[in-house]
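Here is how the chains run, residue by residue.
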Amino acid sequence: MKSLTKISALCLALAATSAFAAPMLYNMVDGSPLDFEWAMEEGRDTEAVRVFLDTGENIYNETPEFLPVGEELFAGMCSGCHGHYGEGKIGPGLNDDYWSYMGNETDEGFFSSIYGGLTGQMGPMWGSLTLDEMLLVMAWTRHLYTGDPKDATWLTPEKRAGFTSFTPAKASIPAEEDEEEGEAASD
Ligand code: HEC
């Protein structure tokens with residue numbers, strides 16, 4: 001459901017995100033500035049967090065050595081609602097280029113959705129993931145993207161040139177691991 005609140009939060013998010021300037025990060029639903037006082041102590045001061053807060057760039061995007069950690073975090077924290085490959089379940093799909101909150105096209109918006117939460121079951125993650133883990137899980141979610149690589153605007157031009165759309169063969173955690181849990185419950 002589209003609401004005026006979503007649209008005004010979107011305008012704020014877009015106004016706040018010019019490439020490679022210190023991002024202004026706002027709650028995607030009510031437009032209030034994100035409060036980093038709430039962030040966990042651990043994982044606040046990594047290189048990736050510093051670069052992201054300075055420039056809005058997530059250096060974990062398409063960085064092979066960090067994708068498996070992001071994949072594990074996604075399997076533990078997101079796939080139950082968003083599907084093993086981000087294809088959508090009770091939460092919307094995260095692997096195509098349709099966003100209910102258009103600000104999620106940018107990593108600033110995407111980060112704000114995770115940190116501050118959205119509506120309903122999409123609660124804020126500031127108490128469950130460190131800032132660094134948010135960037136790691138974001139990188140894996142972006143890796144799951146199945147749309148046209150040229151629209152992967154969250155990647156730097158160099159990374160975008162080498163990006164190919166996700167296929168299940170690129171995953172290291174098999175989908176059956178999620179399905180087994182479901183089957184066990186229905187036995
Ligand atoms: C308990 C279920 C649940 C969990 C766990 C969950 N989500 Fe969500 N998510 C939702 C729901 C429901 C929505 C739709 C919220 C809305 O429209 O306001 C949503 C929306 C989103 C959106 C916005 C999508 C759009 O189209 O704009 C993003 C991005 C997102 N989630 C990312 C994540 C990530 C990343 C994780 C793991 C760290 C996660 N979610 C964990 C239920 C969940």
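Rules used in this analysis
- Every chain begins its residue count from 1, and numbering advances along the sequence as written.
- In keeping with the predicted nature of the model, local features appear solely for residues at pLDDT of at least 70, side-chain atom pairs appear and are counted solely at 80 or more, and the whole-chain, interface and lining totals rest on all residues.
- Using a C-beta atom placed from the backbone, a residue is described as near a molecule or strand when that atom lies within 6 Å of it.
- Helix numbering and strand numbering both begin at the N terminus, where a helix is a DSSP run of H or I of at least 4 residues and a strand a DSSP run of E of at least 2.
- The nonpolar class holds Ala, Val, Leu, Ile, Met, Phe, Trp, Tyr, Cys and Pro. Asp, Glu, Lys and Arg form the charged class, and all remaining residues, Gly among them, are polar.
- Working definition of burial: number of other C-beta atoms within 10 Å of the residue's own, with buried at 20 or more, exposed at 12 or fewer, and partly exposed in between, all C-beta atoms being placed from the backbone.
- Note that the arc is defined by the directions from the helix axis to the C-beta atoms.

A. Representation of the site of the ligand within the structure. Near the ligand lie 24 residues; those nearest to it are Cys-78, Cys-81, Gly-91, Thr-119 and Met-122. Contributing elements (two or more residues each) for the shell around the ligand: α4 (79-82), α5 (107-116) and α6 (131-143). Each residue belonging to the shell around the ligand can be placed in one class, and the counts come to 14 nonpolar, 10 polar and no charged.

B. Structural view of helix α3 (residues 67-77). Looking at α3, one finds that the buried residues are Leu-67, Gly-70, Glu-71, Leu-73 and Phe-74. Seen end-on, α3 carries its buried residues on one side only, within an arc spanning 165 degrees.

C. Spatial organisation of unusual backbone geometry. Even without a glycine there, the phi angle at Glu-62 is positive, about 50 degrees. Examined against the element boundaries, Glu-62 turns out to sit in the loop between α2 (47-55) and α3.

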